[in-house]
Amino acid sequence: MTAALSDMLLGETAMFVPAANYTLWIDQVGAFILCLGDVVSVGGPVSGSSAADIPLLANLSRRHVTFLRSGERYVLHAHSPSTVGGRPVHEKFDLCDGTEMTLGSSVRLRFRLPSVVSGSARIEFLSDHRPARAVDGVVLMNDTCLLGPSADNHIRCPAWPVSLLLYRRDGQLWIKGREDLFLDGRHAPAGGALSSGSLVSSSDVRFQVERLS
Amino acid sequence: MKFAFAPEAIPLPGYTIKRAIDRGGFGEVYYGLADSGKEVALKLLQRNQQVELRGVRQCLNLKHPNLVSIFDIRTDAEGDEWVIMEFISGPSLDQVLRSHPQGLPLSEVEQWLAGLAAGVAFLHDRGIVHRDLKPGNVFREHGVVKVGDVGLSKFMTPSRRSAQTESVGTVYYMAPEVSRGKYGRELDVYSLGVMLFEMIVGEVPFNGESIGEILMKHLTELPDLSRLPHAVRPVVARALEKDPTRRTADALQLAREFRAALRGSPVATEIPATHFVDVERLERAQGGASRSTPVRLPDPARSGGSSRPVAEPQSSAPGLWRQFGADLKSNPVLMVAIVVTAIFLVPVLTFSTGRESGVRVSMPGFLVWFAVGYAAYRISKKHQSRSQSRQSRHPRPPQPPRRLNRSRVSSETHPALPATQSLFSPAPSVLHAFDLPGDRPAATESTPRRDAPRQSALRASSWRVRCGELTGAMAGAVFWSLTLSALIGLVQGYVSDIPLASRIFVDWSHAALFTLTTIAGAWAVLVPAKLFEPWKGRGNLFITAPLGGLVGVVAWYLREMLLVELPAESLFSGIFTRIGRWPLVSAETGSTLAGFAVFFAVLFGLRRWWLQAAALRNHRLSVWGVAGTALFAWLLPVAFRFNQP
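Residues numbered from 1 in each chain as written. Chains lettered and ligands numbered in written order. Predicted model: local features only at pLDDT ≥ 70, side-chain atom pairs only at ≥ 80, totals over all residues. Heavy atoms only, no water.

## Looking at the overall build of chain A
For step 1, the next point in the chain: If you tally the helices and strands in chain A, you get 1 helix and 22 strands.
For step 2, the next point in the chain: Burial statistics for chain A: of 213 residues in total, 53% are counted as buried.
For step 3, the next point in the chain: In chain A, the share of contacts with a sequence separation of at least 24, taken over all contacts with a separation of at least 6, comes to 36%.
For step 4, the next point in the chain: Carbon and sulfur atoms form 51% of the exposed surface of chain A, whose accessible area is close to 9,700 Å². (Helix = DSSP H or I, 4+ residues; strand = E, 2+ residues; numbered from the N terminus. Buried < 20%, exposed > 50% of the residue type's maximum accessible area, 1.4 Å probe, protein only. Contact = heavy atoms within 4.5 Å. Areas by Shrake-Rupley, 256 points an atom, 1.4 Å probe, with all protein chains shown as cover.)

## Some remarks on the overall build of chain B
For step 1, the next point in the chain: Helices and strands together make up the secondary structure of chain B, namely 21 helices and 15 strands.
For step 2, the next point in the chain: Pairs at least 24 residues apart make up 71% of the contacts formed inside chain B by residues separated by at least 6 positions.
For step 3, the next point in the chain: As presented, chain B carries roughly 29,200 Å² of accessible surface, and 62% of it is formed by carbon and sulfur atoms.

## Digging into the sheet that holds strand β2 (residues 27-34) of chain B
The strands making up a sheet associate through hydrogen bonds between their backbones, and the pairing can be parallel or antiparallel.
Residues and elements named next belong to chain B.
For step 1, the next point in the chain: Taken together, the 5 strands give an open sheet; going across it, the order is β1-β2-β3-β5-β4, and neighbouring strands pair in antiparallel fashion. The open sheet has two edge strands, β1 (15-23) and β4 (70-75), and neither has a second partner. Across the sheet, the axes of successive neighbouring strands diverge by a mean angle of 30°, strand direction being ignored. (Pairing = 2+ DSSP bridges. Axes fitted to C-alpha atoms, helices over the stretch in contact; angles between N-to-C directions.)

## Notes on the interface of chain A and chain B
For step 1, the next point in the chain: The interface is formed by 20 residues belonging to chain A together with 21 residues belonging to chain B.
For step 2, the next point in the chain: Considering only the surface of chain A that becomes buried against chain B, Trp25, Gln28 and Arg206 of chain A emerge as the three largest contributors, covering 36% of it.
For step 3, the next point in the chain: Applying the counting rule to chain A against chain B returns 1 salt bridge.
For step 4, the next point in the chain: Across the salt bridge formed by Lys18 of chain B and Glu210 of chain A, the nearest N and O atoms sit 2.8 Å from each other.
For step 5, the next point in the chain: At the junction of chain A with chain B, the criterion picks out 7 residue pairs in polar contact (both at pLDDT 80 or more).
For step 6, the next point in the chain: Every element with two or more residues in the side of chain A that touches chain B is listed here: β1 (21-26), β2 (30-35) and β22 (206-211) of chain A.
For step 7, the next point in the chain: In terms of residue count, β22 of chain A provides more of the side of chain A that touches chain B than any other element does, 3 residues in total. (Buried area = accessible area lost by both parts, 1.4 Å probe. Salt bridge = Lys/Arg side-chain N within 4 Å of Asp/Glu carboxyl O. Polar contact = N/O pair within 3.5 Å; in protein donor to acceptor, adjacent residues only side chain to side chain.)

## Points about the packing of helix α3 (residues 106-125) of chain B against helix α5 (residues 186-201) of chain B
Residues and elements named next belong to chain B.
For step 1, the next point in the chain: Following both chains from N to C, one finds α3 and α5 inclined at 170°, their axes separated by 10 Å at the closest point. Judged by the inter-axis angle, α3 sits roughly antiparallel to α5. Both α3 and α5 take part in a crossing whose hand is right-handed. Contacts between α3 and α5 involve Leu106, Val109, Trp112, Leu113, Leu116, Val120 and His124 from the former and Asp188, Leu192, Met195, Leu196, Met199 and Ile200 from the latter.
For step 2, the next point in the chain: Per-class residue counts for the contact of α3 with α5 are 11 nonpolar, 1 polar and 1 charged. (Parallel < 35°, antiparallel > 145°, perpendicular 65-115°, else oblique. Left-handed = near helix turned anticlockwise from the far one by under 90°. Nonpolar A, V, L, I, M, F, W, Y, C, P; charged D, E, K, R; others polar.)

## Digging into the pairing of strand β13 (residues 137-140) of chain A
All names here are of chain A.
For step 1, the next point in the chain: Where burial is concerned, the two faces of β13 agree: the one with Gly137 and Val139 and the one with Val138 and Leu140 are both buried.
For step 2, the next point in the chain: For β2 and β13, the ladder comprises 4 bridges, and the chain directions are parallel. Directly across from Leu34, in β13, lies its bridge partner Val139.
For step 3, the next point in the chain: Note: strand β12 (residues 121-125) against β13, 3 bridges, orientation antiparallel. Within β13, the residue paired with Ile123 across the bridge is Val138.

## A look at the packing of aromatic side chains
For step 1, the next point in the chain: Scanning the model with the defined rule gives 15 aromatic pairs over all chains in all.
For step 2, the next point in the chain: Measuring from ring centre to ring centre gives 5.2 Å for Tyr74 of chain A and Phe111 of chain A, while their planes differ by 55°; the resulting arrangement is tilted. Taken together, the residues span a long stretch of sequence, with Tyr74 of chain A in strand β6 (residues 73-78) and Phe111 of chain A in strand β11 (residues 107-112) at a distance of 37 residues.
For step 3, the next point in the chain: Between the aromatic rings of Tyr167 of chain A and Trp174 of chain A, the centroid separation amounts to 6.4 Å while the plane-to-plane angle is 35°, which identifies the pairing as tilted.
For step 4, the next point in the chain: Judged by relative accessible area, which is 19%, Trp174 of chain A ranks as buried.
For step 5, the next point in the chain: Every member of this aromatic cluster is reached through a ring pair, and the members are Phe3, Phe5, Tyr30 and Trp82 of chain B. (Phe/Tyr/Trp six-rings, centres within 6.5 Å; stacked < 30°, edge-to-face > 60°.)

## A look at the sheet that holds strand β15 (residues 155-156) of chain A
For step 1, the next point in the chain: The 5 strands lie next to each other as β15-β14-β16-β17-β20 (chain A), forming an open sheet whose pairing is mixed. Each end of this open sheet is capped by a strand with a single partner; those strands are β15 and β20 (192-194) of chain A.

## Quick word on the pattern of salt bridges
For step 1, the next point in the chain: Inspection of the entire model under this criterion finds 21 salt bridges over all chains.
For step 2, the next point in the chain: Residue Glu257 of chain B is joined to Arg238 of chain B by a salt bridge in which the shortest nitrogen-to-oxygen separation is 3.8 Å. With a gap of 19 residues between them, Glu257 of chain B in helix α8 (residues 251-262) and Arg238 of chain B in helix α7 (residues 233-239) connect regions that are remote in the sequence. Here Glu257 of chain B and Arg238 of chain B have matching classes, each one buried.
For step 3, the next point in the chain: Each member of the salt-bridge network shares a partner with another, and the members are Glu100, Arg110, Arg122 and Glu124 of chain A.

## Concerning the side chain of Arg233 of chain B
For step 1, the next point in the chain: As for its placement among the helices and strands, Arg233 of chain B is situated in helix α7.
For step 2, the next point in the chain: A polar side-chain atom of Arg233 of chain B sits 3.2 Å from the main-chain carbonyl oxygen of Leu225 of chain B.

## Concerning the packing of α3 of chain B against α8 of chain B
Residue and element names in this part refer to chain B.
For step 1, the next point in the chain: As a packed pair, α3 and α8 sit with axes 8 Å apart at the nearest point and diverge in direction by 160°. The orientation of α3 relative to α8 falls into the category roughly antiparallel. Classified by chirality, the crossing of α8 by α3 is left-handed. Of α8, the residues touching α3 (which contributes Leu106, Val109, Glu110, Leu113, Ala117, Ala118, Val120 and Ala121) are Ala251, Leu252, Leu254, Ala255, Phe258, Arg259 and Leu262.
For step 2, the next point in the chain: Here the contact of α3 with α8 is composed, by residue class, of 13 nonpolar, no polar and 2 charged.

## Quick look at the confidence of the model for chain B
All names here are of chain B.
For step 1, the next point in the chain: Here chain B averages 71 in pLDDT, and 60% of its residues register 70 or above.
For step 2, the next point in the chain: Note on residues 153-168: pLDDT under 50 across the span, and 57 contacts to partners over four residues away in sequence or across chains.
For step 3, the next point in the chain: The low-confidence segment residues 288-320 (pLDDT under 50) makes 52 contacts with residues lying over four places distant or belonging to another chain.
For step 4, the next point in the chain: The ipTM for the predicted assembly is 0.81, set against a pTM of 0.54. (pLDDT = per-residue confidence, 0-100.)

## Some details on the environment of Ile211 of chain B
For step 1, the next point in the chain: By the element assignment, Ile211 of chain B lies in helix α6 (residues 211-220).
For step 2, the next point in the chain: Sequence separation between Ile211 of chain B and Thr170 of chain B is 41 residues, and the spatial gap between their C-alpha atoms is 9.9 Å.

## So, α3 of chain B
All names here are of chain B.
For step 1, the next point in the chain: Here α3 is 20 residues long and its end C-alpha atoms lie 27 Å apart, about the 28 Å a rise of 1.5 Å per residue gives.
For step 2, the next point in the chain: For α3, a buried count of 14 out of 20 residues is recorded, marking the element as mostly surrounded by other parts of the structure.
For step 3, the next point in the chain: Looking one or two places after α3, you find Gly127, whose phi comes out positive at around 80°. (Expected span 1.5 Å × (residues − 1).)

## A word on the side chain of Thr592 of chain B
Residues and elements named next belong to chain B.
For step 1, the next point in the chain: Of note, Thr592 is situated in the loop between β15 (590-591) and α19 (593-606).
For step 2, the next point in the chain: Look at Thr592 and you get buried, because its relative accessible area is 13%.
For step 3, the next point in the chain: Residue contacts for Thr592: discarding those within four places in its chain leaves Trp556, Pro583, Leu584, Val585 and Ser586.

## A closer look at a nonpolar patch on the surface
All names here are of chain B.
For step 1, the next point in the chain: A surface patch of nonpolar side chains, about 780 Å² in accessible area, is lined by Leu571, Ile575, Phe576, Ile579, Leu631, Trp634, Leu635 and Val638.
For step 2, the next point in the chain: Ranked by residue count, the leading element in the nonpolar patch is helix α21 (residues 623-635), at 3 residues.
For step 3, the next point in the chain: By secondary structure assignment, the location of Phe576 is in the loop between α18 (541-562) and β12 (578-579). (Patch = residues over 30% accessible without salt bridge, like charges linked within 9 Å, V, L, I, M, F, W, Y side chains within 5 Å.)

## Concerning the environment of Arg87 of chain A
For step 1, the next point in the chain: Within the secondary structure layout, Arg87 of chain A lies in strand β8 (residues 87-88).
For step 2, the next point in the chain: Under the relative-accessibility criterion, Arg87 of chain A is labelled exposed at 64%.

## Regarding α19 of chain B
Quick reminder: α-helices carry 3.6 residues per turn. Residues three or four places apart thus point the same way.
Residues and elements named next belong to chain B.
For step 1, the next point in the chain: Helix length check: α19, at 14 residues, gives a terminal C-alpha distance of 20 Å against a target of 20 Å (1.5 Å per residue), a fit within 8%.
For step 2, the next point in the chain: Across the 14 residues that make up α19, a large majority, 11, are buried.
For step 3, the next point in the chain: Among the residues making up α19, those that are buried are Gly595, Phe596, Ala597, Val598, Phe599, Phe600, Ala601, Val602, Leu603, Phe604 and Gly605.

## A short note on unusual backbone geometry
Residue and element names in this part refer to chain B.
For step 1, the next point in the chain: Within the chain, Arg131 stands out as a residue other than glycine whose phi angle is a positive 75°.
For step 2, the next point in the chain: Relative to the elements of secondary structure, Arg131 occurs in the loop between β6 (128-129) and β7 (138-141).
For step 3, the next point in the chain: Arg131 gets classed as buried once you look at its relative accessible area, which sits at 5%.
For step 4, the next point in the chain: Positive phi outside glycine occurs at His142, with the angle close to 50°.
For step 5, the next point in the chain: Mapped onto the secondary structure, His142 falls in the loop between β7 and β8 (144-147).

Here it is, written out as structure tokens:
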């Protein structure tokens, strides 16, 4: 599976149709990019359709590296000079929790798997390089994404009393959480489907989902 | 948590809100995007608009790499004022300190201070005082420190230097002269000194359980410099000088002195004598602890002879008293002698018995007893905490907490103190602040940050330190138990219409039984609380109930030894009059050994006494808790027969 995807990625990239990415604008926490696809590319500031999923304001090539998810595994594919622990990455590298990598000469990222109950991962920015708009992190979402106060959430929201769960169903993003949850102003104690522009709120939580073009 | 504007709102033409950043003292701050895509911070002014706008307008055209830029001031359709500012994506110093509860590395402190000082010095050079410097207003982005929230800035014209009637800012960083309405640039230097102390130690120098307590410490108490590295103590001491004329001259000088101290440069500062009396004397008392080489700053113009050499003798009466206090703190033998005198001698001299009133205490005798005993108790506590601080200086340790909550308190967050009201002046407002309901900083948002490191500090505290604290607490329990007995004796002396048989202290044996049982009970609470301190001081009834039973046994033996006659009848007949084959009362002696043991075991087991002595308890003394316990003890014989005195 990994080899097939890798071949597809490294060979005919035009065949690959990227999945949706979202930005979560979270009050008093920050902004996080939520990538739903199995393949997420990181590159330099190129506009248009050839831009990477995560275009950083950094001296990187158009698609510098790609994060590839295969089941529970994550693999880093380096298309341009990149290092992990000071050693150059030749084609691919199996990522584990806490792996730090350097893209080009100065972009430093850390790969995290914060939750044992979820296969989703988080990319943290260690250097000052960010996308054009301030983003605090990237979540490579597998099936679920946890937002909450403790460190084992993918997005840590220190002031929240309890965690909320984002999950996929039928190719769509859904939320499940607590009794006093509101979706776009409507009471939704059982949660509901999210789309671009959805506003999730409760007595002490508020964030908006925005689809990235 | 509720913010006035939702994401995608456009309160001002050309600016779209994406999310809320925070809520500050003067209003809400949002992250927004201009139509062009430019990131901005949008600050909605909701309170003290005039104060804020006045300051912001002064700074509108200031440009400096260490200041957060202000782009514009706009008014929305509702008439609300907005300040459009540069958005800083990096963390605030407050966030950084939260992740470093034991303080930052000195090299990092130097970087923060250098950027801070450059920004503040630029403001001062333009005649502006920031007035609200605090970690929440300082940020770092791409390695550049930026001072934000200059909305409280004021011009330093002579007419405005005094006669200010408003006092705003955050109490932890507020200079003492604000109490006199003085707003010179020295107050920014003081705030920098507080932040410097906090960056190194991880805690502010003046902390307390209420706003009033913190303010009073700024006005009267000296910072505990023993927690700082030796080389930087003089630098911080001068920055925290109470008298603004003796304080470090300006922000850049503070940064220079700090850098020089770190590098061991001979350039340092003349040390204000008052700051170093305690530390130096304590170190001499330690017997050869390393002493700092006196370092002098070539700055006679600023100091103007106002600073005294460290060893200059003080001949005034207050000086002699201070000298006596310092000697007392550094001389445990002398202190123990006074404590022993206070505890054993004074009550003997002040107690007496009367044929009608039982044991009684005269008012002068009680006052003398309390003054001497309390002074000895306080000195003992202070000596103990300083000794612990000294023990843990090398290497830099987690600091065992003396105060429970170190959360931030600002005048804006205090519901009973509007920002337009002076927190310092007039002085009575400070004193009233002690009495304000709900003025504990624990109610503010940052409590978790404060308690988590404290809990870990408690766990890291050595057993030697813990034993020392326990000894002090047990001595304190003796003092307070004797005081309680003296108070009862005092009341007995004044109340004449109660028959002798109904009095609590009929004679000396009753007083001794009550006092010794109280001491035993207090010790039975304190010992397990200290033993379980690493686990939040939580005991449980399986520990406290047997200890209570033990206290009951001690009380029964004391009664036997002292030949105390307790009443043969009880107000309540009791549901249970025996446990198994052991009766709780007997017709001859009243309550039996089993009766005493059961009464105290139930009292200790069900009242969750460990909460009253837990290290992280919210209140030092819960009056309602004590009253509830008294009621519980009075009602307990309803279940288990016990003939109470």
